Amino acid sequence: MNLRYSHTVKKRAIDLVDFQSKVNALAFTPDSAYLAVATNDRWISIFDAQSNERVDHFSTKPNNKGPKDYLVTAIHFQPQDDTQQPKLAVGQSDCILFVYRWAAQDDSSEELVWKGKKSIVNKFLESAAVVSIVWPPSTASQCVYALTNGKIKVGNLRSNKSHILYAIESFTVSLAMNLSGTELISGHGDGSIYKFTFPTGSQESSCVKLCDSPQTPLLLVWCTSICVGGNDSDLTFYDVNGNKEQVLSFHDDHHSTFNVVCGSPSGQSIVVGRNNMLCLLTREAQSNQWIKCDSKPLVNIISSTALAWKPNGSSVAVGSASGLLNVYSTIHRRYLYNNTFEVTHVSPSDVIIHDKETPNSTPISIQSTVGEIKNIDIYPEPGSTELCYVVAKVSGALILCDIKASPAKISQILWKQHSEISFSFHDANACLISSHKELSVIKYGEDKIVGSFETDFTSLSVVSLRTDRNDNDSTKNGQIAFLSDKKTIRIEFLDDMYKSPVDIYHHHAIEFLELSCTNRYCLFLD
């Protein structure tokens, strides 16, 4: 992976006075379509991430109509992607956190959402300034934020009340969350780092001291390792138990200390801002060590003040002290598939697929949780030339994606053998995989194999898959018909594991079979 300068946010998209104002915080919407920019003059701008045009611009409000002598210190979008009612949490130095919501009309397009009614739906008045905000994806109605007095609190959007998760005697300087959103860590002025685990099932919440950093943990990011940076020129990496893994030194780079840091959505890469330099770190698979992968001078930027990595992993936004906003693409490799789809590997395990023939289409992000994506194939819908189905081969896994669905339906399953494998996309809801005398059914959007059946006859002429509902559309009625031997048809029920299979015997060898669209009849020829 490397960094490549993409563009600067257009000056005509914002007023000159805003353009010269320091960027304090950046945040992308969960679908990567829009970017929020908070500046030193207490204004927030929303930009279209594709066209770079400003779609909204508004002034924040002080605490209890007080004087406008505060700063916007942190912003974060609600993780659940409701494009018709996006919510943005705004933390301020005057001891308050606001949650703004945009409400579109029923017939409004996504672009018009930002022109709709904007209102403050939650306000959490605190006793100290807000330092940072994280928003666990599993609890979209609860926003977690850190205060300078050492308290880590959670604000409930439904009750409009907040409570303390935990409190440390030393003031808070940083806050970060793990990739799954189940744990968070906070850095404090005395060098201590604490870890909080959210309750899951029978497991109760817990808070433990993770480690003591040799420097004040001003920069904190949790990827596959926990990265800690301070006021020296070292980055220290810890594992989830607080054991030191590695120290990366930047003493010979002559670019002063670290300003800002952010991690990639996959957790495999980290970008660090050092005044007018941007450094890219990646985790090497073989050595399991973090290495300096790339370094780029920032275009027209003297000091970087904010970073945000696009949720789809394709680029990093960099804000500066002068108000300049640059975007750098993070590309592992890129190519054009069948002159139709642009396939971009933003990391070994992250791929973005964009239909170039439909410029306004939403890019599809495919992420592997088990390893590097080795190969991408896109198959047409049966009876058509339109490419609709993506198959990504991973070491030990398969990823299937129905890109014609809105949103795209993605499935990831464990799969060891990639040779002598074929795919059938005749069913609209599921993919049929045949490999080594075995048939497997995977429904799009489900990370599991619905059914696996052994047979010596895997030709599509003697296999029929139907996952549609029955006539009255009240119950699921998925079935697969195949040959258990050359004269016997076996029908298995995919949605009822307790239902016994049906065998149909015939006195001649069967050469063709097909289930009816309602799964009530089976046609076969000998």
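Residues numbered from 1 in each chain as written. Predicted model: local features only at pLDDT ≥ 70, side-chain atom pairs only at ≥ 80, totals over all residues. Heavy atoms only, no water.

Student: Can you lay out the overall build of the protein for me, pointing to particular residues and giving the numbers?
Tutor: Along the protein, the regular secondary structure elements total 2 helices and 46 strands. For 526 residues, the compact-globule estimate of 2.2 N^0.38 gives 24 Å, and the protein sits close to it at 26 Å. The principal-axis extents of the C-alpha atoms in the protein amount to approximately 90 × 55 × 50 Å. Contacts in the protein between residues far apart in sequence, at least 24 positions, make up 42% of those at least 6 positions apart. Of the roughly 24,000 Å² of accessible surface on the protein, a fraction of 47% belongs to carbon and sulfur atoms. (Helix = DSSP H or I, 4+ residues; strand = E, 2+ residues; numbered from the N terminus. Rg over C-alpha atoms; globule rule 2.2 N^0.38 Å. Contact = heavy atoms within 4.5 Å. Areas by Shrake-Rupley, 256 points an atom, 1.4 Å probe, with all protein chains shown as cover.)

Student: Can you tell me about the confidence of the model for the protein, naming the residues and giving the values?
Tutor: Should the pLDDT be low somewhere, the predicted coordinates at that spot are not to be read in detail. Mean pLDDT over the protein works out to 86, with 92% of the residues at or above the 70 mark. Across residues 11-19, confidence stays below pLDDT 50; counting only partners more than four residues off in sequence or on other chains, it has 18 contacts. In this model residues 470-474 is a low-confidence stretch, pLDDT under 50, and it forms 5 contacts with partners more than four residues away in sequence or in other chains. (pLDDT = per-residue confidence, 0-100.)

Student: Describe the nonpolar core, listing the residues and the values that go with them.
Tutor: Membership of the largest hydrophobic core comes to 20 residues, with the highest contact counts inside it found for Ile44, Ile46, Ile75, Leu88 and Trp102. Every element with two or more residues in this core is listed here: strand 2 (23-28), strand 3 (34-39), strand 4 (43-48), strand 5 (54-59), strand 6 (72-77), strand 7 (87-92) and strand 8 (96-103). Top contributing element to this core by residue count: strand 8, with 4 residues. Leaving out residues up to four positions away in the same chain, Ile44 has contacts with Val37, Ala38, Asp56, His57, Phe58, Thr60, Ile75, Leu88 and Val90. Formed by 18 residues, the second largest nonpolar core is a distinct cluster that contains Val343, Ile376, Ala392 and Val394. (Core = buried A, V, L, I, M, F, W, Y, C linked by side-chain atoms within 4.5 Å. Buried < 20%, exposed > 50% of the residue type's maximum accessible area, 1.4 Å probe, protein only.)

Student: Give a detailed account of the sheet that holds strand 1 (residues 2-8), specifying residues and quantitative values.
Tutor: The strand order across the open sheet built from 4 strands is 1-28-27-26, with neighbouring strands paired in antiparallel fashion. The open sheet has two free edges, formed respectively by strand 1 and strand 26 (304-309), since each of these has just one partner strand. In this sheet, neighbouring strand axes are inclined to one another by 25° on average, regardless of whether the strands run parallel or antiparallel. Pairing of strand 26 with strand 27 (residues 315-320), which is carried by 5 bridges, proceeds in the antiparallel orientation. Of the residues in strand 27, the one forming a bridge with Trp309 is Val316. (Pairing = 2+ DSSP bridges. Axes fitted to C-alpha atoms, helices over the stretch in contact; angles between N-to-C directions.)

Student: Could you give me a rundown of unusual backbone geometry, with the residues and numbers involved?
Tutor: Trans peptide bonds make up most of the peptide bonds, and negative phi angles are found at most residues other than glycine. With phi around 70°, Cys95 is a residue other than glycine that occupies positive phi space. For Cys95, the location among the structural elements is in the loop between strand 7 and strand 8.

Student: How would you sum up the sheet that holds strand 10 (residues 130-134)? Please name residues and give values.
Tutor: Neighbouring strands of a sheet are bound in pairs by backbone hydrogen bonds; such pairs are parallel or else antiparallel. Read from one edge to the other, the open sheet built from 4 strands follows the order 10-11-12-13, with strand pairing classed as antiparallel. Both edges of this open sheet fall to strand 10 and strand 13 (161-167), since each of them pairs with a single strand only. Averaged over all pairs of adjacent strands, the angle between strand axes in this sheet comes to 30°, irrespective of strand direction. Here 5 bridges tie strand 11 (residues 142-147) to strand 12 (residues 151-156), and the two strands are oriented antiparallel to one another.

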